[in-house]
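# Observations on the three-dimensional arrangement
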Protein chains: 2
Amino acid sequence: MTARPNAALTVDLVVLTVRADELQVLLVRRGIPPFEGAWALPGGFVGAEETLLAAAGRELEEETGFGPEQVHVEQVGTYGDPGRDPRGRVVTVVHLALLPDPGVPRAGTDAAEADWRPVRGVESGAVPLAFDHARLLADALERARAKLEYSPLATAFCPPEFTVADLRRVYETVWGVPLDPRNFHRKVTAAPGFVEATGRTRTERGRPAQLFRRGDARVLHPPLVRERPAAGGDGG
Amino acid sequence: MTARPNAALTVDLVVLTVRADELQVLLVRRGIPPFEGAWALPGGFVGAEETLLAAAGRELEEETGFGPEQVHVEQVGTYGDPGRDPRGRVVTVVHLALLPDPGVPRAGTDAAEADWRPVRGVESGAVPLAFDHARLLADALERARAKLEYSPLATAFCPPEFTVADLRRVYETVWGVPLDPRNFHRKVTAAPGFVEATGRTRTERGRPAQLFRRGDARVLHPPLVRERPAAGGDGG
DNA sequence: ACAAAAGTGTTTCAACTACACCCATGG
DNA sequence: CCATGGGTGTAGTTGAAACACTTTTGT
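Residues numbered from 1 in each chain as written. Chains lettered and ligands numbered in written order. Predicted model: local features only at pLDDT ≥ 70, side-chain atom pairs only at ≥ 80, totals over all residues. Heavy atoms only, no water.

## A short note on the overall build of chain A
Each helix and strand counted, chain A has five helices and nine strands in total. Order of helices (α) and strands (β) in chain A, N terminus to C terminus: β-β-β-β-α-β-β-β-α-α-α-α-β-β. For chain A, the C-alpha atoms occupy an extent of roughly 70 × 40 × 30 Å along the three principal directions. For chain A, the residues scored as buried account for 48% of the 236 residues in total. For chain A, the accessible area works out to roughly 11,700 Å², and carbon and sulfur atoms hold 51% of it. (Helix = DSSP H or I, 4+ residues; strand = E, 2+ residues; numbered from the N terminus. Buried < 20%, exposed > 50% of the residue type's maximum accessible area, 1.4 Å probe, protein only. Areas by Shrake-Rupley, 256 points an atom, 1.4 Å probe, with all protein chains shown as cover.)

## Focus: the relation of the copies chain B and chain A
Of the transformation superimposing chain B on chain A, the axial component is 0.0 Å and the angular component is 180 degrees, with the fit at an RMSD of 0.1 Å. What the superposition gives is, in effect, a two-fold axis relating one chain to the other. (Least-squares fit on C-alpha atoms with pLDDT ≥ 70 in both.)

## Re the interface of chain B and chain A
Taken together, the contact between chain B and chain A spans 30 residues of the former and 30 residues of the latter. Roughly 2,200 Å² of surface becomes buried between chain B and chain A when both sides are summed, with 54% attributable to carbon and sulfur atoms. Together, N6, R87 and R89 of chain B form the three largest contributors to the area buried by chain B at its contact with chain A, with a combined 22%. On inspection of chain B and its partner chain A, the count reaches zero salt bridges. Run the count over chain B and chain A and you get 16 residue pairs in polar contact (both at pLDDT 80 or more). (Contact = heavy atoms within 4.5 Å. Buried area = accessible area lost by both parts, 1.4 Å probe. Salt bridge = Lys/Arg side-chain N within 4 Å of Asp/Glu carboxyl O. Polar contact = N/O pair within 3.5 Å; in protein donor to acceptor, adjacent residues only side chain to side chain.)

## Overview of the domain arrangement of chain A
All names here are of chain A. With domains assigned, chain A is organised as domain 1 (8–126) and domain 2 (152–214). The distance between the C-alpha centroids of domain 1 and domain 2 comes to 28 Å. Each partner contributes to the interface: domain 1 provides 12 residues, whereas domain 2 provides seven residues. Carbon and sulfur atoms supply 77% of the area that domain 1 and domain 2 bury against each other, a total of about 820 Å² over both sides. The largest share of the area that domain 1 buries against domain 2 comes from V18, L98 and P100, three residues that together contribute 54% of it. Counting the contacts that link domain 1 with domain 2 gives zero residue pairs in polar contact (both at pLDDT 80 or more). Within the residue set of the side of domain 1 that touches domain 2, elements represented by two or more residues are strand 1 (8–19), strand 2 (22–30) and strand 5 (72–79). For the side of domain 1 that touches domain 2, the class distribution of residues is six nonpolar, two polar and four charged. (Domains from an automatic or database assignment. Nonpolar A, V, L, I, M, F, W, Y, C, P; charged D, E, K, R; others polar.)

## Regarding the confidence of the model for chain A
On average, residues of chain A score 90 in pLDDT, and 92% of them are at 70 or above. Taken as a whole, residues 228–236 of chain A scores under 50 in pLDDT and shows zero contacts with residues more than four places along the chain or in a different chain. (pLDDT = per-residue confidence, 0-100.)

## Considerations on the packing of aromatic side chains
Residue and element names in this part refer to chain A. The final tally for this structure, using the stated rule, is six aromatic pairs over all chains. On the basis of an interplanar angle of 70 degrees and a centroid distance of 5.1 Å, the ring pair of Y171 and W175 is categorised as edge-to-face. Of this pair, Y171 and W175 both sit in helix 4 (residues 164–175), four residues apart, roughly one helical turn. Of the two residues examined, Y171 and W175, each falls in the buried class. In textbook terms, an aromatic cluster arises when at least three aromatic residues are bridged by ring pairs, as seen for Y171, W175 and F184. (Phe/Tyr/Trp six-rings, centres within 6.5 Å; stacked < 30°, edge-to-face > 60°.)

## Things to note about the packing of helix 4 (residues 164–175) of chain B against helix 5 (residues 181–190) of chain B
All names here are of chain B. One way to put it is that helix 4 packs onto helix 5 with a least axis distance of 10 Å and a crossing angle of 105 degrees. Relative to helix 5, helix 4 is oriented roughly perpendicular. Residues V164, L167, R168 and Y171 of helix 4 touch helix 5, and the partners they reach there are P181, F184, H185 and V188. When the residues that make up the contact of helix 4 with helix 5 are grouped by side-chain class, the tally is six nonpolar, one polar and one charged. (Axes fitted to C-alpha atoms, helices over the stretch in contact; angles between N-to-C directions. Parallel < 35°, antiparallel > 145°, perpendicular 65-115°, else oblique.)

## Examining the environment of A134 of chain A
Following the sequence through the fold, A134 of chain A ends up in helix 3 (residues 133–150). Sequence spacing of A134 of chain A and E123 of chain A is 11 residues, and the spatial spacing of their C-alpha atoms is 7.5 Å.

## Regarding the packing of helix 3 of chain A against helix 4 of chain A
Residues and elements named next belong to chain A. Running from N to C, helix 3 and helix 4 cross one another at 140 degrees; their axes reach a closest spacing of 10 Å. Here helix 3 lies oblique to helix 4, going by the angle between them. In this structure, the crossing between helix 3 and helix 4 has a hand that is left-handed. Two secondary-structure elements touch here, helix 3 through R145, L148 and E149 and helix 4 through Y171, V174 and W175. (Left-handed = near helix turned anticlockwise from the far one by under 90°.)

## Description of the pattern of salt bridges
Across all of its chains, the model carries 36 salt bridges over all chains by this definition. Notably, a salt bridge pairs R87 of chain A with D85 of chain A, separated by 2.7 Å at the nearest N-O pair. Of the two residues, R87 of chain A and D85 of chain A, neither departs from the other in class, the shared state being buried. The residue K147 of chain B makes a salt bridge to E74 of chain B at a minimum N-O spacing of 3.1 Å. Separated by 73 residues along the polypeptide, K147 of chain B in helix 3 (residues 133–150) and E74 of chain B in strand 5 (residues 72–79) bring together distant segments of the chain.

## Comments concerning the side chain of R168 of chain A
Residue and element names in this part refer to chain A. Mapped onto the elements of the fold, R168 is located in helix 4. With a relative accessible area of 13%, R168 lands in the buried category. In contact with R168, not counting residues within four places along its chain, are L179, D180, P181 and F184.

## Side note on the side chain of T163 of chain B
Note that T163 of chain B resides in the loop between helix 3 and helix 4. Excluding residues within four positions of it along the chain, T163 of chain B makes contact with R202, A209, Q210 and L211 of chain B.

## Regarding the environment of A191 of chain B
All names here are of chain B. Assignment of secondary structure puts A191 in the loop between helix 5 and strand 8 (195–202). You can call A191 buried: its relative accessible area is 3%. Distance from A191 to P5, taken between C-alpha atoms, is 47 Å for residues 186 residues apart in sequence.

Okay, structure coming up:
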């Protein structure tokens, strides 16, 4: 064992969901110093025999009750500036987690409180965050928004079975732009491996919608680009 | 100081360049155990008061003589599986560095030897790497290839002043496909902020080529997609 | 019948590939 | 002059945005 520890290693989580037509992030109110009482991203120290992904999955389950099998989790970056944590050299590996609307979260062990907050308010600075968590959140959000275009990531916000309209609402919420339902439908069903029909349907209002589950594609060909202000008339 | 160190933190570098019409990676032959005598990515432990980027820049300078001001360096991911290093819990933050053809590298302090190796041979497994470095390299390469499409990253492989043909050769080498020089020229000069004309020219054979420097764009609109087999006749 | 949402067909525009062609230099 | 590479013009094709229209349900 010639490698002596020189840093305290943690994982922090940017847990996102779409609820009430808004993109929301899971925050915890810190129950212990430093930054006692402030909102922060959930996270904690990495165990001695734990992989980084396992540590992230464990924290996720502590805060939300969702296991990592049901949730998309990926690493987004590592932050280790000396001075980012007053307790010493704390290096954190930030993970992005996406899940369908889960209802109320469970509070973690060292968190007095945990709650979903609209991303808009946090991004605007109206809800200040502890440590450098505002930056971690901003970087993770940028990653999530970009990845919607070329990966089937958006399905991670949907329950196991969902309609094309459900999926469209995810894009509209995360990007903050309206999309044409008809063109969106075509793009989604045309991209191989994006979604897979179950054969079942669901009726809420109007014509019943087909139900889909996630496909096995890891990238989208062609990507789902945001519609740009282009011309184009009507025929018919 | 309530946060006790629980991991040894290192940075590893995937340093890429284009030389002799090949994508090449900087490897060091390990001079000390473990894996003594094997090829590995350059890297080392992070200093107590050093940021991760600064540590990567320091290692880069030790191995290549290039300072971080002249080189593109970005973080790509962090690897911390217990057992990835026999010396104990060693967590490494991998950085990708791109530079123009530098000539011969300087060997680092704990490296008996350092050398540029064609990526092809390393990716194919012909040159085995120490630790989990084959995986770190593969992930970094995937990142680099993808980022060429939508970012001006390719200019990092070019000297401060370069021609459009220089830039095209970078793409052709990294992607391994030939590109139409005429369409490439148009795409590059049409993307705002990609390159900036210096007004000077350089003559090697044929008509003199304009010299450009890097522009200030961080993303490319539109992206430089690989040409696909499409139809299209010739007119005129 | 009417409203509402799902899903299809078609027009029109924009972007891109492929290639002819012109430009500027060295030998 | 010719060879070589830089750079521009343009036709045919693909793909996507816009939107009329049809389908299938609930009330």
